[in-house]
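# Examining the three-dimensional arrangement
If you want the building blocks of each chain, they are given just below.
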Amino acid sequence: MNDPIGDMLTRIRNNQMRGKSTVETPASKLRAWVLDVLADEGYIRGYEKVTGKDGHPALEISLKYYEGTPVIREIKRVSTPGRRVYMGVKDIPSVRQGLGVSIVSTPKGVMSDANARVANVGGEVLCTVF
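None of these values were measured; they are calculated from a predicted model.

### Here's the deal with the packing of aromatic side chains
- One pass over the full model with this rule turns up zero aromatic pairs.
- Between the NZ or CZ atom of Arg96 and the centre of the ring of Phe130, over which it lies, the distance is 4.3 Å.

Printed below as a string of structure tokens:
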């Protein structure tokens with residue numbers, strides 16, 4: 001697998017389109033950090049570490065719905081393995097005039113765009129969520 005974050009985002013997007021309540025993805029620290037940001041921002045209910053069907057560690061993500069529609073309307077990968085996107089603190093984009101969130105990997109950890117501005121750090125823009 002070349003892009004584990006892109007794979008996780010696609011699994012979330014596909015399972016929300018199907019109306020599933022949970023989705024399972026292989027576990028990694030970076031994926032868990034991204035899911036922490038999504039949970040803190042209220043886009044998912046949460047996640048827990050489980051053992052997958054093949055015996056490898058996995059993350060079971062609880063998806064969130066509001067009146068039957070998914071809370072996440074749009075989730076896009078920005079920085080890909082073939083084209084990394086790095087931005088300074090002044091250049092980090094606001095998603096939909098602040099209604100969405102950009103997830104940024106900084107030297108101080110993975111955080112939302114608002115937290116990166118408060119901490120005055122830039123970094124790699126992993127994805128945007130609205």
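### Thoughts on the pattern of salt bridges
- One pass over the full model with this rule turns up six salt bridges.
- Asp113 is the salt-bridge partner of Arg117, the closest N and O atoms lying 3.7 Å from each other. Taken together, the residues Arg117 and Asp113, both in helix H3 (residues 113-119) and four residues apart, mark about one turn of the helix.
- Residues joined by salt bridges that share partners form a network here, namely Asp7, Arg11 and Arg31.

### Digging into the nonpolar core
- The biggest cluster of nonpolar side chains holds 23 residues, and the ones touching the most others in it are Ile12, Val34, Leu35, Leu38, Ile61, Ile103 and Val129.
- Listing elements by their share of this core, those giving two or more residues are helix H1 (4-17), helix H2 (29-40), strand S3 (57-63), strand S8 (101-106) and strand S10 (123-129).
- Looking at this core, you find at least three residues from each of domain 1 (4-70) and domain 2 (75-129).
- In contact with Ile103, other than residues within four places in its own chain, are Val34, Val37, Leu38, Val110, Met111, Glu124, Val125, Leu126, Cys127 and Val129.
- One finds Val104, Met111, Ala116 and Val121 within the second-largest nonpolar core, a separate group that totals five residues.

### Some details on the side chain of Thr25
- As for its placement among the helices and strands, Thr25 is situated in strand S1 (residues 22-26).
- For Thr25, a relative accessible area of 1% translates into the label buried.
- With near-sequence residues (within four places) excluded, Thr25 lies in contact with Asp7, Met8, Arg11, Arg31, Ala58, Leu59 and Ile61.

### Side note on the domain arrangement of the protein
- Here the protein is described as being made up of domain 1 (4-70) and domain 2 (75-129).
- Computed over C-alpha atoms, the centres of domain 1 and domain 2 are 19 Å apart.
- Carbon and sulfur atoms supply 78% of the area that domain 1 and domain 2 bury against each other, a total of about 1000 Å² over both sides.
- In this assembly, domain 1 and domain 2 are joined by zero salt bridges.
- Remark: the boundary between domain 1 and domain 2 carries three residue pairs in polar contact (both at pLDDT 80 or more).
- Take the side of domain 1 that touches domain 2: its biggest share by element is five residues, from H2.
- Of the residues contributing to the side of domain 1 that touches domain 2, the split by class is eight nonpolar, one polar and two charged.

### Things to note about the packing of H1 against H2
- Viewed as axis vectors pointing N to C, H1 and H2 meet at an angle of 45 degrees, and their least axial separation amounts to 10 Å. Between H1 and H2, the interaxial angle falls into the category oblique. Note that H1 runs across H2; the crossing there is right-handed. Within the contact between the two elements, H1 uses Pro4, Ile5, Asp7, Met8 and Ile12 and H2 uses Leu30, Arg31, Val34, Leu35 and Leu38.
- By residue class, the composition of the contact of H1 with H2 is eight nonpolar, no polar and two charged.

So, how was this worked out
Residues numbered from 1 in each chain as written. Predicted model: local features only at pLDDT ≥ 70, side-chain atom pairs only at ≥ 80, totals over all residues. Heavy atoms only, no water. Phe/Tyr/Trp six-rings, centres within 6.5 Å; stacked < 30°, edge-to-face > 60°. Lys NZ or Arg CZ within 6 Å of the ring centre and 35° of its normal. Salt bridge = Lys/Arg side-chain N within 4 Å of Asp/Glu carboxyl O. Helix = DSSP H or I, 4+ residues; strand = E, 2+ residues; numbered from the N terminus. Core = buried A, V, L, I, M, F, W, Y, C linked by side-chain atoms within 4.5 Å. Buried < 20%, exposed > 50% of the residue type's maximum accessible area, 1.4 Å probe, protein only. Domains from an automatic or database assignment. Contact = heavy atoms within 4.5 Å. Buried area = accessible area lost by both parts, 1.4 Å probe. Polar contact = N/O pair within 3.5 Å; in protein donor to acceptor, adjacent residues only side chain to side chain. Nonpolar A, V, L, I, M, F, W, Y, C, P; charged D, E, K, R; others polar. Axes fitted to C-alpha atoms, helices over the stretch in contact; angles between N-to-C directions. Parallel < 35°, antiparallel > 145°, perpendicular 65-115°, else oblique. Left-handed = near helix turned anticlockwise from the far one by under 90°.

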